[in-house]
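# Overview (structure and organization)
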Amino acid sequence: MRVAIHSTTEIGNRAGRILLAERSLVSLGLVDASPRNRDEKVERANNLSEYDVAVTDAKDIAFIDRASSAGIACVLWHDIDYTRWFADAPLLVGSNFGNGIAPSLAAHAHAIAEGELTIAWTVDGRPLRRGFPVAFPDPVGSLWGEQTDSERGARRITAPVQGNWAGALVMVGPHDNPTRTVGVADEAAHLEAVALAAGVVTTARGSYASGVVRPDDSPEQYLLAALDMGLEVAGFVGEATSPT
C-alpha cells in the first residue's frame, strides 16, 4: 500500500511510525513536508493521486477535498460530517480510540456472548465524583462515567480521566454480573495512534465500501489490524467496582 500522511500532532507522527513497520507498506508520503530521516520508504507526497490512502490527524477540510479530487481513500482521526465526498473510495471518519477501538471490541465480544452491551472508554477531563462505575484495566483503574447515548443497541459511557493513560471496557450482560468483559489500557497517545493506523490498513485492504464509513462498519477487520499493531486486550469476568 502507498499512504500519504498529513501529520500535525504526536498522534499522526506515531501513526506514521507504526505504518512504517507494516510489511504491506510500499511508501509513506509526507504531505506538505520533506523527510527528515533516511528511510527509503519515506518520501515527499507531491501528488495524492499516486497513493492508495490519504490520512490526517487534523480537522482539515481542504485536505479531504484534495483526497476526494484525487479519487483515493481517506482516513480521518476526527469524527466529522463531510458532505462533499465524491471519490469512488471510502472516507473513513472517526478512526480514533473512542469511535474505533472501543466499538470494535464490543462487536467482537458481542459475537461471542449475547446480552446487554455496555461500551465505556476514557476521555480527557477531570474525573467525576459520581455516575456509572467502570473498572478499567490497570493502570487506569476504576472511574465514574456518564452515559452519552445508546447507539446500535449498546449503552455508551465516557469516563473523564487526567494523565497519560487511557482505557476502554466492554461488558456483555448485566452491568453488575457481566457474562463477558474485555478491556484495554495503555498510553493515550499510543492508543490513538494505533486507532488511526488501523483505519489506514483496514481501508487499504478493501474492507470498507465507497462513501463515508466508520471503523465499526468492519469491526473484525479493524480490530484485527489493531491487534497486529500490538494492541493488547485483556479478558476477564467480574463486576465493575465503584471508584473510591
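Residues take numbers from 1 onward in each chain, read along the sequence in its written order. The predicted nature of this model means local features are confined to residues of pLDDT at least 70 and side-chain atom pairs, given and counted, to a pLDDT of 80 or more, with totals for whole chains, interfaces and linings taken over all residues. Water and hydrogen atoms were dropped before computing side-chain values, which therefore reflect all heavy atoms in the structure.

## Comments concerning the overall build of the protein
- A tally of helices and strands in the protein yields five helices and 14 strands.
- A radius of gyration in this sense is built from C-alpha atoms; the matching globule rule multiplies 2.2 Å by the number of residues raised to 0.38. On C-alpha atoms alone, the protein measures out to a radius of gyration of 18 Å, which is about the 18 Å that the 2.2 N^0.38 rule sets for 244 residues.
- Seen through its principal axes, the protein has C-alpha atoms that stretch 55 × 35 × 30 Å.
- Partly exposed residues are those whose accessible area sits between 20% and 50% of the maximum for their type, while under 20% is buried and over 50% is exposed, using a 1.4 Å probe and protein chains only. Within the span of the protein, comprising 244 residues, buried residues form 53% of the whole.
- We call two residues contacting when some pair of their heavy atoms lies within 4.5 Å. The long-range fraction of contacts in the protein, counting pairs at least 24 apart against all pairs at least 6 apart in sequence, stands at 58%.
- For the protein, the computed accessible surface area is about 11400 Å², with 45% contributed by carbon and sulfur atoms. Strands here are runs of E lasting at least two residues and helices are runs of H or I lasting at least four, both read from the DSSP assignment and numbered beginning at the N terminus. For the area figures, the Shrake-Rupley method with a 1.4 Å probe applies, and any residue is considered shielded solely by the protein chains shown.

## Brief notes about the environment of Ala 185
- With respect to the helices and strands, the residue Ala 185 is situated in strand β12 (residues 180-187).
- Taking the relative accessible area as the measure of exposure, Ala 185 reaches 22% and is therefore partly exposed.
- As for Ala 185 and Ala 168, which are separated by 17 residues in sequence, their C-alpha atoms are 6.6 Å apart.
- Residue contacts for Ala 185: discarding those within four places in its chain leaves Pro 137, Asp 138, Pro 139, Val 140, Ala 166, Gly 167 and Leu 191.

## A look at the packing of helix α1 (residues 10-20) against helix α4 (residues 188-204)
- Here an angle of 0 to 180 degrees is reported between the N-to-C directions of two axes, which are lines fitted to C-alpha atoms, with helices fitted over the stretch in contact. It is the contact of α1 with α4, at a shortest axis distance of 8 Å, that shows an interaxial angle of 55 degrees. Between α1 and α4, the crossing angle belongs to the class labelled oblique. Considering how the two elements wind past one another, α1 and α4 form a crossing that is right-handed. Across the interface between the two elements, Ile 11, Gly 12, Arg 14, Ala 15, Ile 18 and Leu 19 from α1 touch Ala 189, His 190, Glu 192, Ala 193, Val 194, Leu 196, Ala 197, Val 200 and Val 201 from α4.
- When residue character is reported, Ala, Val, Leu, Ile, Met, Phe, Trp, Tyr, Cys and Pro are called nonpolar, Asp, Glu, Lys and Arg charged, and the others, Gly included, polar. Looking at the contact of α1 with α4, its residues break down into 11 nonpolar, two polar and two charged. By the definition adopted for this analysis, an angle is roughly parallel if under 35 degrees, roughly antiparallel if over 145, roughly perpendicular if from 65 to 115, and oblique otherwise. Should the near helix be turned anticlockwise from the far one by less than a right angle, the crossing is left-handed, and should it be turned clockwise, the crossing is right-handed.

## Section: the pattern of salt bridges
- Any carboxyl oxygen of Asp or Glu that lies within 4 Å of a side-chain nitrogen of Lys or Arg is treated as forming a salt bridge with it. In this structure the tally under the stated criterion is eight salt bridges.
- Note that Arg 66 and Asp 32 form a salt bridge whose closest N and O atoms lie 3.4 Å from each other. Taken together, the residues Arg 66 in helix α2 (residues 61-70) and Asp 32 in the loop between β2 (27-31) and β3 (42-45) connect sequence positions 34 residues apart.
- When salt bridges with common partners are traced through the structure, they connect Glu 10, Arg 14, Arg 17 and Glu 187 into a single cluster.

## Overview of the pairing of strand β4 (residues 53-56)
- Burial along β4 is two-sided: the residues Val 53 and Val 55 and Ala 54 and Thr 56 are all buried.
- Pairs of strands are assigned from DSSP output, requiring at least two bridges between the strands. Relative to β4, strand β1 (residues 2-6) is paired through four bridges, and the arrangement is parallel. Each residue of the ladder has a partner; that of His 6, found in β4, is Thr 56.
- Handedness of a crossover is defined as follows: with both strands directed away from the viewer, a clockwise route from the first strand across the helix to the second makes it right-handed. Crossover handedness for the path β4 to α2 to strand β5 (residues 73-76): right-handed.

## Section: unusual backbone geometry
- The omega angle of the peptide bond from Asp 138 to Pro 139 is 10 degrees, so this bond is cis rather than trans.
- With respect to the secondary-structure elements, Pro 139 resides in the loop between β8 (132-135) and β9 (142-151).
- Phi is positive for Asp 32, which is not a glycine, with a value near 60 degrees.

## What about the sheet that holds strand β6 (residues 90-92)?
- Here we have seven strands laid out as an open sheet, ordered β3-β2-β1-β4-β5-β6-β13, and parallel in their pairing. Each of the sheet's edge strands pairs with one partner strand only, and the pair in question is β3 and β13 (211-213). Ignoring which end each strand starts from, the neighbouring axes of this sheet average 25 degrees apart.
- In terms of strand pairing, β4 meets β5 through four bridges, oriented parallel. Among the inter-strand pairings, Val 55 is bridged to a residue of β5, identified as Val 75.
- Sitting on the sheet, α2 touches β1, β2, β4, β5 and β6, and the angle it makes with β4 is about 175 degrees.

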